[in-house]
Amino acid sequence: MHTRNIHIEELDQKLFVVKDETEVQKNILGKCFLFNGFILGLCTQGTITMNINSRQVEVFSQQLFIILPRHLFTIKNHSSDLKLNLIFLSLDFLHQLPVSPDLDILKKAYDQPIIILCQEKYSEITSLNQILLHYSSENKYSQHIQASLIYSIILIVISEVSEIKQKECISKTRQEELVHKFFKLLFEEHQKEYKVTFYAEKLYISPKYLSSVVKKISGYTVQDWINEFLQSEAKRYLHITNRNIQQIAEKMHFTNASSFIRFFKKQTQITPSEYRKTIQNK
């Protein structure tokens, strides 16, 4: 199946995009997509069946779903009365958040991407979504208003996810279970362990087998995921702290500032200092 990569620039905004149900049905149904950011979807009517990576999930009215960065998703089917809203959030947008989801929150969202909302929270998010769509004009203040509203939605979602009790068992194939264990390790160790061999040894398999399974299930190699986590963490430090480059390199367990700078530039095509200047100028 051909995979379509969604780039935030294609969606007409730099940091976030809001899509209504008409655009969703027209542009996404039946296609396989990949977005290097977070997607929040709210089902307000009907049902929708989708695959997130290799797992099939069904979403009903008054439920919200979360798709994590670089997770393949395909909308397979939906009821004729479907009403759905999507918010695409770039990683750079999330780096600006005063409160960010911790690793436990991300692990829960990975395991259980569907959130069943109570009537009160559903009404709150629905109202915020309606205001978001109202401020979709090119007025110079609209994007700032939308950003503030999205912050509110994210905080509500984080609060709801934090209350989820982990399910004891989710049916998975052996390969899916292996990938699940890899991501659990990655969430815990990515700031200090950069080598594929470390994760393979922890899982008692060869690096080659781990990489092939992760690539098959997620579409990316183990090293791709390690680099993605490191890059995201580095951007957060550059954005929300006053640490200098040397201090960030030490915090992230790089051998020295030069190795950190080389890594960051390879991943983003700019140096950490250049990245910090771009966000300060926004």
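Our subject is the structure that appears above.
Residues numbered from 1 in each chain as written. Predicted model: local features only at pLDDT ≥ 70, side-chain atom pairs only at ≥ 80, totals over all residues. Heavy atoms only, no water.

(A) Quick peek at the overall build of the protein chain. For the protein chain, the helix and strand inventory stands at 12 helices and 10 strands. Here the protein chain holds 282 residues, and the buried ones make up 49% of them. Accessible surface for the protein chain amounts to roughly 14800 Å². Of this, 50% is attributable to carbon and sulfur atoms. (Helix = DSSP H or I, 4+ residues; strand = E, 2+ residues; numbered from the N terminus. Buried < 20%, exposed > 50% of the residue type's maximum accessible area, 1.4 Å probe, protein only. Areas by Shrake-Rupley, 256 points an atom, 1.4 Å probe, with all protein chains shown as cover.)

(B) Summary view of the packing of aromatic side chains. Per the counting criterion, the structure on display carries nine aromatic pairs. Centroid distance Phe-182 to Tyr-199: 5.7 Å. Interplanar angle 80°. Geometry classified as edge-to-face. Remark: Tyr-199 occurs in helix H7 (residues 196-202) and Phe-182 occurs in helix H6 (residues 174-189); sequence separation between them is 17 residues. There is no split in this pair, since Phe-182 and Tyr-199 are both buried. (Phe/Tyr/Trp six-rings, centres within 6.5 Å; stacked < 30°, edge-to-face > 60°.)

(C) Quick peek at the pattern of salt bridges. A full pass over the atoms with the stated rule returns two salt bridges. Here Lys-121 makes a salt bridge to Glu-124, at a shortest N to O gap of 3.8 Å. Placement of both Lys-121 and Glu-124 in helix H4 (residues 119-134) is noted, with a separation of three residues, approximately one turn of the helix. Take Glu-124: its relative accessible area is 28%, and that puts it in the partly exposed class. For Lys-192, the salt bridge is made with Glu-189, and the minimal N-O distance between the two is 3.9 Å. (Salt bridge = Lys/Arg side-chain N within 4 Å of Asp/Glu carboxyl O.)

(D) Structural view of the packing of H6 against helix H8 (residues 207-218). With their axes 9 Å apart at the nearest point, H6 and H8 run at an angle of 100° to one another. The angle between H6 and H8 places the two elements in the roughly perpendicular class. Within the contact between the two elements, H6 uses Gln-175, Glu-176, Leu-178, Val-179 and Phe-182 and H8 uses Tyr-209, Leu-210, Val-213, Val-214, Lys-216 and Ile-217. Classifying every residue of the contact of H6 with H8 by side-chain character gives eight nonpolar, one polar and two charged. (Axes fitted to C-alpha atoms, helices over the stretch in contact; angles between N-to-C directions. Parallel < 35°, antiparallel > 145°, perpendicular 65-115°, else oblique. Contact = heavy atoms within 4.5 Å. Nonpolar A, V, L, I, M, F, W, Y, C, P; charged D, E, K, R; others polar.)

(E) Geometry of H6. With 16 residues, H6 extends 22 Å between its outermost C-alpha atoms, agreeing within 8% with the 22 Å of an ideal straight helix rising 1.5 Å per residue. For H6, the complete set of buried residues consists of Glu-176, Leu-178, Val-179, His-180, Phe-182, Phe-183, Leu-185, Leu-186, Phe-187 and Glu-189. (Expected span 1.5 Å × (residues − 1).)

(F) Seen up close, the environment of Val-196. Within the secondary structure layout, Val-196 lies in helix H7. A relative accessible area of 15% means that Val-196 is categorised as buried. Taking C-alpha positions, Val-196 is 8.4 Å from Leu-210, a pair spaced 14 residues apart along the chain. When neighbours within four sequence positions are excluded, Val-196 is seen to be in contact with Pro-207, Leu-210, Ser-211, Val-222, Gln-223 and Ile-226.

(G) Broad picture of unusual backbone geometry. Although it is not a glycine, Gln-62 adopts a positive phi angle of roughly 70°. Within the chain, Tyr-204 stands out as a residue other than glycine whose phi angle is a positive 60°.

(H) Fine view of the nonpolar core. Formed by 67 residues in total, the largest nonpolar core has its most connected members in Ile-66, Leu-89, Phe-182, Leu-210 and Phe-260. Examining the composition of this core, we find that nine residues originate from one element, helix H5 (residues 142-162), more than from any other. Among the nonpolar cores identified, the runner-up in size contains 17 residues, and Val-57, Val-59, Ile-75 and Leu-84 belong to it. (Core = buried A, V, L, I, M, F, W, Y, C linked by side-chain atoms within 4.5 Å.)

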